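If you want the building blocks of each chain, they are given just below.
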Amino acid sequence: MGQLAKRAAILVLPLILAACFGSDGDRPSLMEGTQAGGPQPFPDNFRGDSLALMHTYLNNPVGVRDAGMADPVLRELGGRQFYVSCLRYTPRESDGSYKTMRERAVVFVNGRGDRIIDRASELCAGAVYAPFPELEKMTR
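Attention in this report is confined to the structure presented alongside it. (Residues numbered from 1 in each chain as written. Predicted model: local features only at pLDDT ≥ 70, side-chain atom pairs only at ≥ 80, totals over all residues. Heavy atoms only, no water.)

## Some remarks on the packing of aromatic side chains
Then comes step 1: One pass over the full model with this rule turns up two aromatic pairs.
Then comes step 2: Seen from their ring centres, Phe42 and Phe46 are 5.9 Å apart, and the 80° between their planes marks the pair as edge-to-face.
Then comes step 3: Ring plane angle 80° and centroid distance 5.2 Å describe the contact between Phe42 and Tyr83, whose orientation is recorded as edge-to-face. With Phe42 in the loop between helix H1 (2–21) and helix H2 (46–57) and Tyr83 in strand S3 (residues 80–90), this pair connects stretches of sequence that are 41 residues apart.
Then comes step 4: Judged by relative accessible area, Phe42 falls into the partly exposed class, the value being 37%.
Then comes step 5: An aromatic cluster of at least three residues, connected via ring pairs, comprises Phe42, Phe46 and Tyr83. (Phe/Tyr/Trp six-rings, centres within 6.5 Å; stacked < 30°, edge-to-face > 60°. Helix = DSSP H or I, 4+ residues; strand = E, 2+ residues; numbered from the N terminus. Buried < 20%, exposed > 50% of the residue type's maximum accessible area, 1.4 Å probe, protein only.)

Spelled out as structure tokens, the structure:
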């Protein structure tokens, strides 16, 4: 009977842990939790919020090169208008080399950095980039 209980615990444990950690489905969509009916406020701390999001987004935030950032502009996402700021940068790869430049979009909800969008070419079309040295100076 003891072996059967151990096996059952081994099979059930991953399910319990998964429930504790949740999933992307638990994360609110861009439509939820936003200001009802009104326009989105301009993200006053967009540089700091973007930096904080990128620090958690990048596997290795050290050694980023050629960083640039565009000021936030209103873009339509999910049928609503949100401020979006575009970033471009060249990250250091795990082997220490540098490969292609990346372009990402930072979405702001209720004036705060909310998420990073990987496929940003359409959102960032026509973006005017200025140097973003803070991204190049990140540490672990």
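Now that the structure is up, let's keep going.
## A word on the pattern of salt bridges
Then comes step 1: Scanning all chains against the criterion turns up four salt bridges.
Then comes step 2: Between Arg115 and Asp114 there is a salt bridge, with its nearest N and O atoms 2.5 Å apart. (Salt bridge = Lys/Arg side-chain N within 4 Å of Asp/Glu carboxyl O.)

## Here we look at the pairing of strand S5 (residues 112–117)
Then comes step 1: As paired elements, strand S4 (residues 102–109) and S5 share five bridges and run antiparallel to each other. By the bridge assignment for S5, Ala105 is matched with Ile117.
Then comes step 2: If you look at the hairpin formed by S4 and S5, you'll find two residues sitting between the two strands, and Asn110 has a positive phi there, around 55°. (Pairing = 2+ DSSP bridges.)

## Some points on the nonpolar core
Then comes step 1: Within the largest apolar cluster, 16 residues are counted, with the highest numbers of intra-cluster contacts made by Met54, Tyr89 and Leu135.
Then comes step 2: Among the secondary structure elements, those contributing two or more residues to this core are H2, strand S1 (65–69), S3 and S4.
Then comes step 3: With sequence-adjacent residues up to four places away left out, Tyr89 is seen in contact with Met54, Tyr57, Leu58, Val64, Arg65, Asp66, Ala67, Thr100, Met101, Arg102, Arg104 and Leu135. (Core = buried A, V, L, I, M, F, W, Y, C linked by side-chain atoms within 4.5 Å. Contact = heavy atoms within 4.5 Å.)

## Remarks on the side chain of Ser50
Then comes step 1: Looking at where Ser50 falls in the secondary structure, it is placed in helix H2.
Then comes step 2: Assessed through its relative accessible area of 0%, Ser50 is described here as buried.
Then comes step 3: A distance of 2.7 Å separates the side chain of Ser50 from the backbone oxygen of Phe46, its partner in a polar contact. (Polar contact = N/O pair within 3.5 Å; in protein donor to acceptor, adjacent residues only side chain to side chain.)

## Focus: H2
Structural remark: α-helix, 3.6 residues per turn; residues separated by three or four positions point the same way.
Then comes step 1: Taking 1.5 Å of rise per residue, the 12 residues of H2 would be expected to cover 16 Å, and the 16 Å separating its terminal C-alpha atoms lies within 8% of that figure.
Then comes step 2: The complete set of buried residues in H2 reads Phe46, Asp49, Ser50, Leu53 and Met54. Burial along H2 is one-sided: seen end-on, the buried residues are contained in an arc of 130°. (Expected span 1.5 Å × (residues − 1). Arc of directions from axis to C-beta.)

## Overview of the layout of surface pockets
Then comes step 1: There is about 220 Å³ of room inside the largest pocket.
Then comes step 2: Residue lining of the largest pocket: Tyr57, Leu58, Asn59, Asn60, Tyr89, Pro91, Arg92, Glu93, Ser94, Arg102 and Arg104, and that is the complete set.
Then comes step 3: Of the residues that constitute the lining of the largest pocket, the class distribution is four nonpolar, three polar and four charged. (1 Å grid on protein atoms, 1.4 Å probe; cavity = no way out; pocket = protein on both sides within 12 Å on 5 of 7 lines; lining within 4 Å. Points joined across faces, edges and corners; volume = space filled by probe spheres on them. Nonpolar A, V, L, I, M, F, W, Y, C, P; charged D, E, K, R; others polar.)

## Thoughts on the state of the cysteines
Then comes step 1: Tallied over the entire structure, the rule returns one disulfide.
Then comes step 2: Paired by a disulfide, Cys86 and Cys124 hold their sulfur atoms 2.1 Å apart. The disulfide joining Cys86 to Cys124 has a torsion of about -100° about its S-S bond and is therefore left-handed. Of this pair, Cys86 sits in strand S3 while Cys124 is found in the loop between S5 and strand S6 (130–131), placing the two residues 38 residues apart along the sequence.
Then comes step 3: Judged by its relative accessible area of 4%, Cys124 is buried. (Disulfide = S-S within 2.5 Å.)

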